[in-house]
Amino acid sequence: MKKSIIFMALAITLNSISVALKAQNNQNSYLSPKEQSLIHIAALTGKGDLSKLKMALNDGLDAGLTVNQIKEALIHIYAYAGFPRSIRGLQTFMSVVEKRTAAGLHDIVGAKASTINDERSKYERGKIILQELTGVAEQEPKTGYAAFAPSIEIFLKEHLFADIFERDVLSYRDRELVTISVLSSIGGVEPMLSSHLNICLNIGLTPGQLLQFLRIIKSDIGKKEVKLAENVLDNVLKNKK
C-alpha cells in the first residue's frame, strides 16, 4: 500500500514537471510583446505607413519598450531603407512622445548606447561581429559584390556591423528582427532577406518564431511583399533541414 502511494506521488510529480517544461517551451517559442512591437514598428517605417506607425509606436511604449530602444530601432532602419524612411519614422515618434507627455504619460527613457572602448579597427570589429552573426568565417579573396565594389564591403564592416550593430541599446536578436521586418516591407531584396533569416536562426530564433514573424507583418505590408517573404523563409527552412 505504501509503495503504491509512493509510486502515485512520484507519477504526479513527474507529470507536473512535464507540464511545467512544456509550458516553458511553449512560452519560449513565441516572440515577446516587445519583439512583436519592434516588428510592427520596423515594417511600417520601411513601408512608410506613418498613420499605422503612430499606433504601433504607442503600442510599443505600452508593451514596455523604452524611448531609446524605439529610437535605436528607427535609427537602425536607415541602413536598410535609407535616411528618408528612418527620419520620417523618428519625426513620427517625436510627435507620439510629445502627445503622450502632454497627456500625462511618463514613458521610460532607458539607457543610452555605451561608449565603445576597443583599440581594434572598426573593420576588424565589424568583421568579428559579422562572423558571430552568421557563424561563418570570412572568405578570402573577396567574391561577388565585395570584389566588384570593395569600398562597400569596407563600409559594411566599419559602419553597419561596427558602428550600428555594436551599439548595445538593442540586442543582436532585436536588430535582426528589425532588419527582416524592413527587408520584407520594401521587397525586391530577397537575397539579403534570406541571409538575415539565416542569421536569425544562427543567433537562436526558432523556425516557429520566424513563422510567427510572418503572421505579424501580414497586417503591415502588401500581399505581394508577404508572399515573397514567405517564399524566402520557406526556402531557408528547407535548406536548413
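Please refer to the structure placed before this passage.
Note that this is a predicted model, so its numbers are computed, not measured.

Engineer: What is the right way to look at the packing of helix H11 (residues 207-217) against helix H12 (residues 223-240) in this model?
Structural biologist: Relative placement of two packed helices is described by the angle separating their axes and the distance separating the axes. The geometry of H11 relative to H12 is characterised by a closest axis approach of 10 Å and an angle of 175° between their N-to-C directions. Classed by the angle they form, the pair H11 and H12 counts as roughly antiparallel. Residue-level contacts link Pro207, Leu210, Leu211, Leu214 and Ile217 of H11 to Val226, Ala229, Glu230, Leu233 and Leu237 of H12. Among the residues making up the contact of H11 with H12, the classes are represented as nine nonpolar, no polar and one charged.

Engineer: Sorry, what's going on with the layout of surface pockets here?
Structural biologist: Using a probe with the size of a water molecule, rolled over the atoms, empty space left in the structure can be pinpointed. Approximately 960 Å³ is the volume attributed to the largest pocket. Taken together, 27 residues form the lining of the largest pocket, with Leu130, Tyr145, Leu156, Lys157 and Phe161 sitting closest to its centre. Elements with a contribution of two residues or more to the lining of the largest pocket: helix H4 (67-81), helix H6 (122-134), helix H7 (144-148), helix H8 (150-164) and helix H10 (190-202). Examining the composition of the lining of the largest pocket, we find that eight residues originate from one element, H8, more than from any other. By residue class, the composition of the lining of the largest pocket is 16 nonpolar, seven polar and four charged.

Engineer: In this structure, what is going on with the environment of Gly60? I would like to understand it.
Structural biologist: Tracing the chain through its elements places Gly60 in helix H3 (residues 50-63). Here Gly60 falls in the buried class, since its relative accessible area comes to 0%. Counting along the chain gives 25 residues from Gly60 to Glu35, while the straight-line C-alpha distance between them is 9.0 Å. If we ignore the near neighbours within four places in the chain, the residues touching Gly60 are Ser37, Leu65 and Ile70.

Engineer: How should H10 be read in this particular structure?
Structural biologist: Note: α-helices contain 3.6 residues per turn, so residues at a spacing of three or four share the same orientation. The first and last C-alpha atoms of H10 sit 18 Å apart over 13 residues, in line with the 18 Å expected at 1.5 Å per residue. Restricting attention to buried positions, one finds in H10 the residues Leu193, His196, Leu197, Ile199, Cys200 and Leu201. Buried residues along H10 sit against H4, H6, helix H9 (172-186), H11 and H12. Backbone geometry just after H10 places Gly204 at a positive phi near 115°.

Engineer: Just checking my understanding: could you explain unusual backbone geometry for this structure?
Structural biologist: For residues that are not glycine, phi is negative in most cases, and the peptide bond is trans in most cases. Omega for the peptide link from Glu140 to Pro141 comes to -5°, which places this bond in the cis form. Examined against the element boundaries, Pro141 turns out to sit in the loop between H6 and H7.

Engineer: Is there a simple way to think about the environment of Glu230 in this case?
Structural biologist: If you trace the backbone, Glu230 turns up in helix H12. You can call Glu230 partly exposed: its relative accessible area is 24%. Each C-alpha atom of the pair Glu230 and Leu211 lies 8.5 Å from the other, and the pair is 19 residues apart in sequence. Residues contacting Glu230, with those up to four places away along its chain left out, are Leu214 and Lys218.

Engineer: What is the right way to look at the packing of aromatic side chains in this model?
Structural biologist: In this description, an aromatic ring pair is defined by two values, namely the gap between the centres and the angle between the planes. On inspection of all chains with the given rule, the structure shows three aromatic pairs. Pairing Phe165 with Tyr172 gives two aromatic rings, centres 6.4 Å apart and planes at 55°, and the pair type is tilted. With relative accessibility at 1%, the residue Phe165 sits in the buried group. Among the residues examined, Tyr172 registers a relative accessible area of 24% and is labelled partly exposed. Counting every residue linked through ring pairs, the aromatic cluster contains Phe161, Phe165 and Tyr172.

Engineer: What exactly am I supposed to notice about H9 here?
Structural biologist: With 15 residues, H9 should reach 21 Å at 1.5 Å per residue; the first-to-last C-alpha distance of 21 Å fits that figure. Buried within H9 we find Asp174, Arg175, Glu176, Leu177, Val178, Thr179, Ile180, Ser181, Val182, Leu183, Ser184 and Ser185. A positive phi of about 70° marks Gly187, the residue just after H9.

Engineer: How should I be thinking about the pattern of salt bridges in this particular structure?
Structural biologist: Side chains that differ in sign of charge can pair as their charged atoms come close. Under the definition given, this model contains 16 salt bridges. Where Glu153 meets Lys142, a salt bridge forms, and the shortest distance between an N and an O atom there is 3.5 Å. Placement of Glu153 in helix H8 and of Lys142 in the loop between H6 and H7 is noted, with a sequence separation of 11 residues between them. Given the relative accessible area of 22%, Lys142 is considered partly exposed. Residue Glu230 pairs with Lys218 through a salt bridge whose shortest N-O separation is 3.5 Å.

The rules behind the values
- Along each chain, residue indices are assigned from 1 in the same order as the chain's sequence is written.
- The model is predicted, so local features are restricted to residues of pLDDT at least 70 and side-chain atom pairs to those at 80 or more, both for listing and for counting; the totals for chains, interfaces and linings are taken over all residues.
- Excluding hydrogens and water, the side-chain figures rest on all heavy atoms present in the structure.
- The angle between two axes is taken between their N-to-C directions and runs from 0 to 180 degrees, where each axis is a line fitted to C-alpha atoms and a helix contributes only its stretch in contact.
- The secondary structure listing takes helices from DSSP runs of H or I that are at least 4 residues long and strands from runs of E that are at least 2 residues long, numbered from the N terminus.
- Roughly parallel here means an angle under 35 degrees, roughly antiparallel means over 145, roughly perpendicular means 65 to 115, and every remaining angle is called oblique.
- It only takes one pair of heavy atoms within 4.5 Å for two residues to be counted as in contact.
- Each residue gets one label: Ala, Val, Leu, Ile, Met, Phe, Trp, Tyr, Cys and Pro are nonpolar, Asp, Glu, Lys and Arg are charged, and the others, such as Gly, are polar.
- With a 1 Å grid spanning the protein atoms alone, the term cavity applies to any set of points in which a 1.4 Å probe fits but cannot get out, the term pocket to an open set with protein on both sides within 12 Å along at least five of seven lines, and the term lining residue to any residue with an atom within 4 Å of a point.
- Grid points are joined across faces, edges and corners, and a volume is the space filled by probe spheres set on the points.
- Any residue under 20% of the maximum accessible area for its type is buried, any over 50% is exposed, and the rest in between are partly exposed; the area is computed with a 1.4 Å probe on protein chains only.
- Multiply 1.5 Å by the residue count of a helix minus one, and that product is the helix's expected span.
- Here is the rule: rings of Phe, Tyr and Trp (six-membered ring for Trp) pair when centre to centre is within 6.5 Å. Planes less than 30 degrees apart are stacked, more than 60 are edge-to-face, and the remainder are tilted.
- By salt bridge we mean one thing: a side-chain nitrogen of Lys or Arg within 4 Å of a carboxyl oxygen of Asp or Glu.

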